[in-house]
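# Reading the structure
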Amino acid sequence: MISSKSDYLFKIDNKYKSENSFSKYVIFISGLFVEIGLISTDDYKKKLYDLNNILEENNLKLLIKPYQSENLEKYKELNIELLQWDIPCEILFPVIKPLYTLGFLSTSMLTGKVLYNIDSIDLSNIFGLKKNKNYYNKYEKMFKLFEGFILRSDTYNEFSEIIKNK
């Protein structure tokens, strides 16, 4: 079983393990969008704060899975828990058993859906990635290849409706 092997290989905080928790989790899989200049730190934090409020209204707890080379300083004032950056999402999924993964098209979101049937929600439009046309055109081509596996939310209202329907 993968979760017992993960206990041996990785130290996942016991409070997140589904058998020890009364919380229902959603994992936000971050990226380097602030670091590469596609969104400002303040705008990024505001969007995470707004998403977190929607999740809390639906009794869901947001956990952030930071990218390995991401600057973690931007999360300090958010009061949202960070998972360890050095544990692969594919190891976290069977242990935490999140209801959703959120983020931007990633292999982790795809494997979460395919291997563990975790619904994944692409938030690229909420985070304003369309503003950079060159980047977004490439992103959209990739998304089209996998859109049968990943939901997309263009607005906070759409996001709220998706979350309510689970």
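## Brief notes about the side chain of serine 106
Within the element layout of this structure, serine 106 appears in the loop between β4 (100-103) and α4 (107-116). A polar contact of 3.1 Å, which involves the side chain of serine 106, links it to the backbone nitrogen of methionine 109.

## Some words on the sheet that holds strand β6 (residues 151-152)
Note on sheets: strands pair through backbone hydrogen bonds, and any given pair is parallel or antiparallel. Spatially, β3-β2-β1-β4-β5-β6 is the arrangement adopted by the 6 strands of the open sheet, whose pairing is parallel. Strand pairing shows two members of the sheet lacking a second neighbour, β3 (81-82) and β6, which therefore form its edges. When strand β1 (residues 25-29) meets β4, the two strands line up parallel, connected through 4 bridges. Opposite phenylalanine 28, over in β4, you have leucine 102 as the bridge partner. The sheet contacts of helix α2 (residues 41-57) involve β1, β2 (61-65) and β4, and relative to β2 the element is tilted by about 145°.

## As for the packing of helix α3 (residues 89-96) against α4
At their nearest, the axes of α3 and α4 sit 10 Å apart, and the two run at 40° to each other. Taken together, the axes of α3 and α4 lie oblique to each other. In the crossing of α3 with α4, the sense of the turn from one axis to the other is right-handed. For the pair formed by α3 and α4, the contact residues are Cys89, Glu90, Phe93 and Pro94 on the first element and Thr107, Ser108, Thr111, Gly112 and Tyr116 on the second. Tallied by class, residues from the contact of α3 with α4 come to 4 nonpolar, 4 polar and 1 charged.

## Let's talk about the layout of surface pockets
Taken as a whole, the largest pocket spans an internal volume of roughly 400 Å³. Taken together, 20 residues make up the lining of the largest pocket; nearest its centre are Ile29, Ser30, Tyr67, Ser106 and Ser108. If you list the elements that add at least two residues to the lining of the largest pocket, you get α3 and α4. Considered class by class, the residues forming the lining of the largest pocket number 12 nonpolar, 6 polar and 2 charged.

The rules behind these values
Residues numbered from 1 in each chain as written. Predicted model: local features only at pLDDT ≥ 70, side-chain atom pairs only at ≥ 80, totals over all residues. Heavy atoms only, no water. Helix = DSSP H or I, 4+ residues; strand = E, 2+ residues; numbered from the N terminus. Polar contact = N/O pair within 3.5 Å; in protein donor to acceptor, adjacent residues only side chain to side chain. Pairing = 2+ DSSP bridges. Contact = heavy atoms within 4.5 Å. Axes fitted to C-alpha atoms, helices over the stretch in contact; angles between N-to-C directions. Parallel < 35°, antiparallel > 145°, perpendicular 65-115°, else oblique. Left-handed = near helix turned anticlockwise from the far one by under 90°. Nonpolar A, V, L, I, M, F, W, Y, C, P; charged D, E, K, R; others polar. 1 Å grid on protein atoms, 1.4 Å probe; cavity = no way out; pocket = protein on both sides within 12 Å on 5 of 7 lines; lining within 4 Å. Points joined across faces, edges and corners; volume = space filled by probe spheres on them.

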